[in-house]
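Listed here are the chains, written in short residue letters.
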Amino acid sequence: MSAKESMPSIEAELYELSMPGRLLGKEVLDNRARRIGIVRSIRIGLHPTRSELIVKGAEVEFPVDFERIDAVGTVVQLNSVVKDAEEIEVHDVLRLQKEVLDDIRSYLGSR
């Protein structure tokens, strides 16, 4: 067994403390301009090295590899279709942002 194979996988999830932040809470659109969710967090991993956004949709959360991001501005635009997520409405974005902010507050133990 090589030293690389014996190294454990290390993973961390990163959050911003404002909503919406530079990435957190931004709408995510696929390459067909369908609003599919918001950015919940950023996950990084070592062994193997990877970085991805965690997107929270209507009934699903899923990772999006950074290579699939086409642009970041007022929204996060992906360069591919996301078949596993249904399109959401503006009121869903507001609800999801509140849910993520409430989750972050519970992680921090503040109210």
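Overview of the structure.

The rules behind these values
Residues numbered from 1 in each chain as written. Predicted model: local features only at pLDDT ≥ 70, side-chain atom pairs only at ≥ 80, totals over all residues. Heavy atoms only, no water. Core = buried A, V, L, I, M, F, W, Y, C linked by side-chain atoms within 4.5 Å. Buried < 20%, exposed > 50% of the residue type's maximum accessible area, 1.4 Å probe, protein only. Helix = DSSP H or I, 4+ residues; strand = E, 2+ residues; numbered from the N terminus. Contact = heavy atoms within 4.5 Å. Pairing = 2+ DSSP bridges. Expected span 1.5 Å × (residues − 1). Arc of directions from axis to C-beta.

### Re the nonpolar core
Next up, step 1: Residues Val-28, Ile-36, Phe-62, Val-76 and Leu-78 are the most contacted members of the largest nonpolar core, which totals 13 residues.
Next up, step 2: At the level of secondary structure, the elements contributing two or more residues to this core comprise β3 (35-46), β4 (50-56), β5 (61-65) and β7 (76-78).
Next up, step 3: If you tally residues by element for this core, the top one is β3, at 3 residues.
Next up, step 4: Residues contacting Phe-62, with those up to four places away along its chain left out, are Ile-36, Leu-53, Ile-54, Val-55, Val-82 and Ala-85.
Next up, step 5: Leu-24, Ile-88, Leu-96 and Val-100 belong to the second-largest nonpolar core, a separate cluster that totals 8 residues.

### Side note on the pairing of strand β6 (residues 69-72)
Next up, step 1: Direction of pairing for β6 relative to β7: antiparallel, over a ladder of 3 bridges. Looking at the pairing, Ile-69 lines up with Leu-78 of β7.
Next up, step 2: Connecting the antiparallel pair β6 and β7 is a turn made up of 3 residues.

### Looking at helix α2 (residues 90-108)
Next up, step 1: Here α2 spans 27 Å end to end across 19 residues, near enough to the 27 Å set by a 1.5 Å rise per residue.
Next up, step 2: All of the buried residues along α2 are Asp-92, Val-93, Leu-96, Gln-97, Val-100 and Ile-104. The buried residues of α2 occupy one face: seen down the axis, they fall within an arc of 135°. Exposed residues on α2 whose side chains face more than 90 degrees from its buried face are His-91, Leu-94, Lys-98 and Ser-106.
Next up, step 3: In this structure, the buried side of α2 is in contact with β2 (27-29), β3 and β4.
Next up, step 4: Directly beyond the C-terminal end of α2, a positive phi value near 80° is found at Gly-109.

### Remarks on the pairing of β5
Next up, step 1: Residue alternation in β5 divides its side chains into a buried set, Phe-62 and Val-64, and an unburied set, Glu-61, Pro-63 and Asp-65.
Next up, step 2: As paired strands, β4 and β5 are joined by 5 bridges and run antiparallel to one another. Each residue of the ladder has a partner; that of Ile-54, found in β5, is Pro-63.
Next up, step 3: Hairpin connection between β4 and β5: a loop of 4 residues separates the two successive antiparallel strands.

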